Amino acid sequence: VTRAVLKLQVTDPYDAAYGIWPWYYEEPVPEMAPPDWNWADFIGAALCHMLKEHREKIDAELVAEVTAALERAAWSIFRRNVRSAYTNIAIMGAAVTGCAGEILNNSLLSEYAASRLAAFLRYTEEQGGLNEYNSPTYTFVALRETERILQLVHSNRPLIDCAGKLREFIWGEIARRYHPATGQLGG
């Protein structure tokens, strides 16, 4: 299954859709209107988990294929460089590029991840909260993506420190928005 999915990734570095995948096997990326660049983030995150947490269970050839696909996804994220207002993808992209930076021993990707998350944290603090989709559902998405960084990244101290501050900020938001009488969160 993994090899089948990897084969669908756009691998031409001159293609604007470099590093992304289609939603469906029957609809290749060139036929999508428009392609979904977020797939570099979503599938890249899964590849990070495979390489960081399950590498010993994967044969060497597949490890090489997954690593190459992760590198393409990371560069797609880097090239796209979403703004901080795009909450879940801004955090997820920092996780993927930070993880890829460690796996590939690529300082540019590692520095980019730390810079991107620091910019996101500054923006979020300036806004007074999570800006995009400020809702109970997306608050937990942002928290989960922050936790992904803390789970997968081990040597990028600036990224880890920023993720820790962001986690604390998000938990503060949850505490402030919790309504004890109903047991619900409010945006």
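All values derive from a computational prediction rather than experimental measurement.

**A look at the overall build of the protein**
For the protein, the count of helices and strands is 7 helices and 2 strands. Each helix (α) and strand (β) of the protein, taken in turn from the N terminus, gives the series α-α-α-α-α-α-α-β-β. The C-alpha atoms of the protein give a radius of gyration of 17 Å, which matches the 16 Å a tight globule of 187 residues would have. Taken along its principal axes, the extent of the C-alpha atoms in the protein is 55 × 40 × 30 Å. In the protein, the share of contacts with a sequence separation of at least 24, taken over all contacts with a separation of at least 6, comes to 63%. Entry remark: accessible area of the protein is about 9600 Å², with carbon and sulfur atoms responsible for 54%. Charge separation in the protein, taken as the distance between the mean sites of 18 positive and 23 negative side-chain charges, equals 5 Å.

**A short note on the side chain of Arg72**
Mapped onto the secondary structure, Arg72 falls in helix 3 (residues 60-80). Contacts of Arg72, omitting those with residues within four sequence positions, involve Gln9, Val10, Thr11, Tyr18 and Gly19.

**Notes on the nonpolar core**
By size, the foremost hydrophobic cluster in this structure holds 55 residues, and its most contacted members are Leu47, Leu117, Ile149 and Leu159. Among the secondary structure elements, those contributing two or more residues to this core are helix 2 (38-53), helix 3, helix 4 (87-104), helix 5 (107-127), helix 6 (136-152) and helix 7 (157-177). Sequence-distant contacts of Leu117, defined by excluding residues within four places in its chain, comprise Ile91, Ala94, Ile149, Leu159, Cys162, Ala163 and Leu166.

**Concerning the packing of aromatic side chains**
Evaluated as defined, the whole model comprises 4 aromatic pairs. Here Phe78 and Tyr112 contribute two aromatic rings whose centre-to-centre distance is 4.9 Å and whose plane-to-plane angle is 65°, an arrangement assigned as edge-to-face. Remark: Tyr112 occurs in helix 5 and Phe78 occurs in helix 3; sequence separation between them is 34 residues. For Phe78, a relative accessible area of 27% puts it in the partly exposed group. Take Tyr112: its relative accessible area is 11%, and that puts it in the buried class.

**Topic: the pattern of salt bridges**
Taken as a whole and judged by the stated rule, the model has 8 salt bridges. Between Arg167 and Glu147 there is a salt bridge; the shortest N-O distance is 3.3 Å. Residue Arg167 is located in helix 7, and its partner Glu147 is located in helix 6; the two are separated by 20 residues in the primary sequence. Among the salt bridges present, the one from Arg177 reaches Glu173, with a minimum N-O distance of 3.3 Å. Highlighted residues: Arg177 and Glu173, both in helix 7, separated by 4 residues, approximately one helical turn. Residue Glu173 is classed as buried on the basis of its relative accessible area of 6%.

Analysis parameters
Residues numbered from 1 in each chain as written. Predicted model: local features only at pLDDT ≥ 70, side-chain atom pairs only at ≥ 80, totals over all residues. Heavy atoms only, no water. Helix = DSSP H or I, 4+ residues; strand = E, 2+ residues; numbered from the N terminus. Rg over C-alpha atoms; globule rule 2.2 N^0.38 Å. Contact = heavy atoms within 4.5 Å. Areas by Shrake-Rupley, 256 points an atom, 1.4 Å probe, with all protein chains shown as cover. Lys, Arg positive; Asp, Glu negative; His and termini not counted. Charge placed at Lys NZ, Arg CZ, Asp CG, Glu CD. Core = buried A, V, L, I, M, F, W, Y, C linked by side-chain atoms within 4.5 Å. Buried < 20%, exposed > 50% of the residue type's maximum accessible area, 1.4 Å probe, protein only. Phe/Tyr/Trp six-rings, centres within 6.5 Å; stacked < 30°, edge-to-face > 60°. Salt bridge = Lys/Arg side-chain N within 4 Å of Asp/Glu carboxyl O.

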